[in-house]
Amino acid sequence: MDGTLSQNDLSHVVDADRAHVWHHLIQHKPFETGEPRVIIEGRGMRVWDQNGKEFLDAVSGGVWTVNVGYGRESIANAVRDQLIKLNYFAGSAGSVPGALFSEKLISKMPGMSRVYFTNSGSEANEKAFKMIRQIAHKRHGGKKTKILYRDRDYHGGTIATMSAGGQDERNIQYGPFVPDFIRVPHCMEYRAQEGWNPESESYGEWAANQIEEVILREGPDTVGGLCLEPVTAGGGVITPPEGYWQRVQEICRKYDVLLHIDEVVCGVGRTGTHWFGYQHYGIEPDFVTMAKGVASGYAAIACCVTTERVFEMFKDDADDPLNYFRDISTFGGCTAGPAAALENMRIIEDEGLLENTTAMGDRMMGNLQALMEKHRVVGDVRGKGLFLGAELVADRATKEPVSEKQVAQVLAECGAQGVIIGSTNRSVRGFNNTLYFSPALIATPDDIDEITEAVDKALTKVFG
Ligand SMILES: Cc1ncc(COP(=O)(O)O)c(C=O)c1O
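Note that the coordinates shown come from a computational prediction; the quantities given were computed from them, not determined experimentally.

**Notes on the site of the ligand**
Residues in contact with the ligand amount to 16 residues; listed here are only the nearest, Ser120, Gly121, Ser122, Gly156 and Val264. For the shell around the ligand, the element with the highest residue contribution is helix α5 (residues 121–139), accounting for three residues. Split into classes, the residues belonging to the shell around the ligand amount to six nonpolar, eight polar and two charged.

As structure tokens, then:
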């Protein structure tokens, strides 16, 4: 860590943080006696805290974001140059990086054509919800306003996105929620739901068929959209079972339901080989939303991407004063976002990071499977590319989850060894028992091994 801040400066920073900053997703009582963690610097996959302690970051900034790693001067320069030239103009006008980034992004998304800029994953998802609702009013006589979402999925922290939130513990005390968001069952085979008969169909087909059941129950003329994560993130790193997506697509076509894929976590390389998670499964979405990895956290940017067919519905009746997308996103007009995002994509291409993600993801999956053989507490390992999870269970036969306290101990033991990993957190009550890993796409074999060795030692320490 460089020495631009003295120890005195740093203790002032920690005091100021403790006195005035309200951190996300954390109980602050322990900070009355202990220190909050303040991250001072990052390089590649390493970060340093206020005490100069070095960590290997296995979660890309905590929430799957810093995909190309820390300290990228070329992104900083692209942002700096752009800010000096033009930092902002509202989205009613275009910008140079906005146009060039959109062109580049769409070149990686066959079938898609329009990019709507905004500033967070939640907001990008709300744009898709608003578009679906507007289509329902304009095209379907005010019917088809219902939007389906899935148990265990997450789409953001605003009240509307929480209304589409499948993580019950996260939603507690934040209701009442917005009407016409309807839940469908999850697709996690490891915790297959009641009613599935393995003799008659695969779990993937069964779970998808449950969506059809919900559409039929609600009435197909009332259902306008279906919002799903390609691989569920915070709900337990749930990879879809064989046959799931094909059937989901058929159902959407059959009932004229617009398919919205939330790529906020999976998007822009995280799952390897392809730019987006949905591209592994042959899906043809109507909306794709993305945020975290779009500019790897170098600037705030999120996008709601649609097809020309959807876009056309907002311009084909120019005599109607309401027939355009009447939405405002002030910070969607910040040019730093697309400037950073363009350079982020260049790095991913020039450094072969989609291929690296696949290779390192395979290595990490192999390491996690070896841990599963060694430690009975690892009940299941799942993932795609550098987006992986290990579910911890007290008993493999009953699949009873380990306690949250034990999960926290595993994280603390990894931290003590200088490796930051994550876990599902206040997500599904009783099931916050999945460790998650999302190293930057630049990870090397040594980085991957260092992460899983730390987990190995931590599991031995906590569970014997
Ligand atoms: C799948 C998914 N969608 C949406 C969001 C919300 O993104 P943001 O926090 O940028 O609003 C998240 C955040 O974790 C997410 O995991």
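On we go from here.
**A few points about the domain arrangement of the protein**
Looking at the assigned domains, one finds that the protein contains domain 1 (37–66 + 352–463) and domain 2 (74–350). Between the C-alpha centres of domain 1 and domain 2 there is a distance of 26 Å. In this assembly, 31 residues from domain 1 lie in contact with 29 residues from domain 2. For the side of domain 1 that touches domain 2, the secondary-structure elements that each account for two or more residues are α2 (60–64), α12 (353–374), β11 (378–383), β12 (388–395) and β16 (434–437).

**Quick word on the sheet that holds strand β8 (residues 258–262)**
The mixed open sheet is built from seven strands, whose spatial order is β4-β10-β9-β8-β7-β5-β6. Edge positions in the sheet fall to β4 (114–118) and β6 (181–184), since each has one partner strand and no second. Averaged over all adjacent pairs, the angle separating strand axes in this sheet is 20°, with direction ignored. In terms of strand pairing, β4 meets strand β10 (residues 302–306) through five bridges, oriented antiparallel. Residue pairing across strands places Arg114 opposite Thr306, the latter belonging to β10. Packing of α5 onto the sheet brings it into contact with β4, β5 (146–150), β7 (223–228), β8, β9 (287–290) and β10, and relative to β10 it is tilted by some 30°. Of the strands in this sheet, β5, β6 and β7 are in contact with helix α8 (residues 203–218), which crosses β6 at around 145°.

**A few points about the environment of Thr65**
Note on placement: Thr65 falls in the loop between α2 and α3 (73–85). For the pair formed by Thr65 and Val265, sequence separation is 200 residues and the distance between their alpha carbons is 7.6 Å.

**Considering the pairing of β9**
Working note: regular strand, side chains alternate between the two faces of the sheet. Taking every second residue as pointing to the same face, both faces of β9 are buried, with Phe287 and Thr289 on one and Val288 and Met290 on the other. In this structure, β8 lies alongside β9, joined through three bridges in parallel fashion. Opposite Ile261, over in β9, you have Val288 as the bridge partner. Across four bridges, β9 lies against β10 in antiparallel orientation. Paired with Thr289 across the two strands is Cys304, which belongs to β10.

Parameters and conventions
Residues numbered from 1 in each chain as written. Predicted model: local features only at pLDDT ≥ 70, side-chain atom pairs only at ≥ 80, totals over all residues. Near = placed C-beta within 6 Å. Helix = DSSP H or I, 4+ residues; strand = E, 2+ residues; numbered from the N terminus. Nonpolar A, V, L, I, M, F, W, Y, C, P; charged D, E, K, R; others polar. Domains from an automatic or database assignment. Contact = placed C-beta atoms within 7 Å. Pairing = 2+ DSSP bridges. Axes fitted to C-alpha atoms, helices over the stretch in contact; angles between N-to-C directions. Buried ≥ 20, exposed ≤ 12 C-beta atoms within 10 Å, placed from the backbone.

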